Amino acid sequence: MSGRYDLVVVGAGPGGSSAAYHSAKAGLNTLLIDRQEFPRDKTCGDGLMPHAASEVALMGLADWLDEPHHGKFTGFSIYTTTAFLRQGVPPSLHGPRGYVVRRKETDARLLERAISAGADFRAGVRATELERSPAGNVTGIEAVKAGEPLRVETPLVIVADGVGGFAGNGMKAHQNAVARRQYFRDVDGPDKQDLHVFITKDMNSHGAGYGWVFYMGDGWANVGAGVSTAALARTGRNLKDFFDRFLEEPMMAAWLENATPEGPPTSWSLKMGMWGAKRYGQGMMLVGDAGSMIHPISGEGVGYALESGRLAASWAYEAHVRQDFSAPTLSGYERQLMSRRAREHLSGHALVNLVPNLEMLEPLFKACEKDPEARRTLVESFTGDAPVYSLVKHPRTLARALGDGLKMRLSP
Ligand SMILES: Cc1cc2nc3c(=O)[nH]c(=O)nc-3n(C[C@H](O)[C@H](O)[C@H](O)COP(=O)(O)OP(=O)(O)OC[C@H]3O[C@@H](n4cnc5c(N)ncnc54)[C@H](O)[C@@H]3O)c2cc1C
């Protein structure tokens, strides 16, 4: 592998495959590399939100989504210490449903689409350095395959390496959450057409976090828990401890009584909230987790990785046509991303950082239980489909939550 490409995409997760698919389809001579061999697993909840499903459908995989072994969900069941909220999913272009598909399968399918669009894919290749000219222009990348150094020339690189460290110099945000999941067969809970989310006291009295049960269509479920790194620091506990205690919660223990686990649980880290990352520079754009695109409350990142990959591809094409790979030209990518996602991501980021622990929101959860409109807004702000401040459209419910919160604080 050597030579010259219009574009090199580093990382073949959803962000990289989307960027490579759309770039190759537009006619760019695109190289896609990944340090791993495919198909490979990626620790994840496997949930594809409706907007993620729309992006998958745009890559020509709408029929594949509906295969019977995939989980299909049309609602959320949210359990907090004091409330139970049930809500339908916000519809998207692809329709009012999301999916639960093992990432090993999803990522392999997305990669196949990138290859069939014309991207030149090389597995087992780890990018090590971004090369720049003395004037600061990107000229290529250095990489390693099976211990052998490689060099590829390109004026433009899309960094889609997730939480990997490639080209991290001053660009990347810090990891601020961690999550762990395990597959179980025959989990015995109700309403398998919902995503089940548990905002437990254990995970939310000193930070933020939640547990989940996401059902697939073949009798398996993805069961997991994720917490903020602030929760780890404040409690001195580790992720494994939070996950183990989640499985021991009375409702979970009952659901798992006759369930069989598959393999050991695995963990991974997350950069949530669009905050603190720089997503473009001369000759480069960052997409997906590399660009800190995970929603700060839900922890959802696949749909945003696909979307940012698609938008970056359109700016790669623009830069190629103009033969201008400067930061001012590529800043169009950031502007487009911000206009689409900043309100939801930054208001969510503000909420999780301003509220010292999510337990403080219990009165709000309880008040929303009784008000369907406010409940819908609350769930949409948690899933990234509405900015958090749209809750002000429900002043009565907010006032009730505030009053109940004050009563709780003042009661002995
Ligand atoms: C436990 C857990 C549960 C989650 N649940 C959900 C969920 O249910 N729904 C959801 O939407 N999101 C979820 N997320 C987030 C989601 O997994 C990520 O947002 C998503 O994987 C981002 O995709 P990506 O393409 O940016 O990065 P990745 O999927 O991480 O892909 C990055 C790729 O880059 C490659 N790479 C890294 N470094 C290099 C290098 N130097 N050279 C070459 N290749 C390299 C890696 O091998 C990898 O294949 C969850 C995350 C965790 C940890």
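Small disclaimer: the values here were computed from a predicted structure and weren't measured.

What counts and what doesn't
- Residues numbered from 1 in each chain as written.
- Predicted model: local features only at pLDDT ≥ 70, side-chain atom pairs only at ≥ 80, totals over all residues.
- Heavy atoms only, no water.
- Helix = DSSP H or I, 4+ residues; strand = E, 2+ residues; numbered from the N terminus.
- Rg over C-alpha atoms; globule rule 2.2 N^0.38 Å.
- Buried < 20%, exposed > 50% of the residue type's maximum accessible area, 1.4 Å probe, protein only.
- Contact = heavy atoms within 4.5 Å.
- Areas by Shrake-Rupley, 256 points an atom, 1.4 Å probe, with all protein chains shown as cover.
- Lys, Arg positive; Asp, Glu negative; His and termini not counted.
- Charge placed at Lys NZ, Arg CZ, Asp CG, Glu CD.
- Salt bridge = Lys/Arg side-chain N within 4 Å of Asp/Glu carboxyl O.
- 1 Å grid on protein atoms, 1.4 Å probe; cavity = no way out; pocket = protein on both sides within 12 Å on 5 of 7 lines; lining within 4 Å.
- Points joined across faces, edges and corners; volume = space filled by probe spheres on them.
- Phe/Tyr/Trp six-rings, centres within 6.5 Å; stacked < 30°, edge-to-face > 60°.
- Axes fitted to C-alpha atoms, helices over the stretch in contact; angles between N-to-C directions.
- Parallel < 35°, antiparallel > 145°, perpendicular 65-115°, else oblique.
- Nonpolar A, V, L, I, M, F, W, Y, C, P; charged D, E, K, R; others polar.

Each helix and strand in the chain was counted, giving 13 helices and 19 strands. At 22 Å, the chain has a C-alpha radius of gyration in line with the 22 Å of a compact globule built from 412 residues. The C-alpha extent of the chain, read off along each of the three principal axes, is 70 × 45 × 40 Å. Burial status across the chain gives 58% buried among its 412 residues. Long-range pairs, those at least 24 residues apart, make up 71% of the contacts in the chain between residues at least 6 apart in sequence. If you sum the accessible surface of the chain, you get close to 17,000 Å²; carbon and sulfur atoms cover 54% of it. Averaging the positions of the 46 positive and the 46 negative side-chain charges in the chain gives two centres separated by 4 Å.

Once the charged atoms of two side chains with opposite charge are near each other, the side chains can pair. The final tally for this structure, using the stated rule, is 25 salt bridges. Asp-107 serves as the salt-bridge partner of Arg-40, at 2.8 Å between the closest nitrogen and oxygen. Taken together, the positions of Arg-40 in the loop between strand 2 (30-34) and strand 3 (47-48) and Asp-107 in helix 4 (residues 103-116) put the pair 67 residues apart, joining distant regions of the chain. The exposure class of Asp-107 is buried, given its relative accessible area of 0%. For Arg-322, the salt bridge identified is with Glu-318, shortest N-O distance 3.0 Å.

Okay, the environment of Val-187 next. By secondary structure assignment, the location of Val-187 is in the loop between strand 13 (177-185) and strand 14 (194-199). Distance from Val-187 to Gly-136, taken between C-alpha atoms, is 55 Å for residues 51 residues apart in sequence. Sequence-distant contacts of Val-187, that is, excluding residues within four places in its chain, are made with Lys-192, Val-213, Tyr-215, Ala-221, Val-223, Trp-255, Leu-256 and Ala-259.

Attention shifts here to empty space enclosed by the protein. All told, the structure shown has 1 cavity of 30 Å³ or more when counted by the stated rule. In this structure, the largest cavity spans a volume of roughly 30 Å³. Those elements that provide at least two residues to the lining of the largest cavity are strand 5 (75-80) and helix 12 (372-383).

Glancing now at the packing of aromatic side chains. If you walk through the whole model with that rule in mind, you get 10 aromatic pairs. Judged by centre distance (6.2 Å) and plane angle (55 degrees), the ring pair of Phe-73 and Phe-76 falls under tilted. For Phe-73, a relative accessible area of 1% gives the class buried. Plain terms: the ring middles of Phe-198 and Trp-255 are 5.6 Å apart, the flat faces sit at 75 degrees to each other, and that makes the pair edge-to-face.

Attention now moves to the packing of helix 11 (residues 362-369) against helix 12. Geometrically, a packed helix pair is captured by the angle between its two axes and the distance between the axes. Two numbers describe how helix 11 lies on helix 12: the axes approach to 7 Å, and their chain directions differ by 130 degrees. Relative to helix 12, helix 11 is oriented oblique. Between helix 11 and helix 12, the residues in contact are Leu-364, Phe-365, Cys-368 and Glu-369 and Ala-374, Arg-375, Leu-378 and Phe-382, respectively. In the contact of helix 11 with helix 12, the residues fall into 6 nonpolar, no polar and 2 charged.

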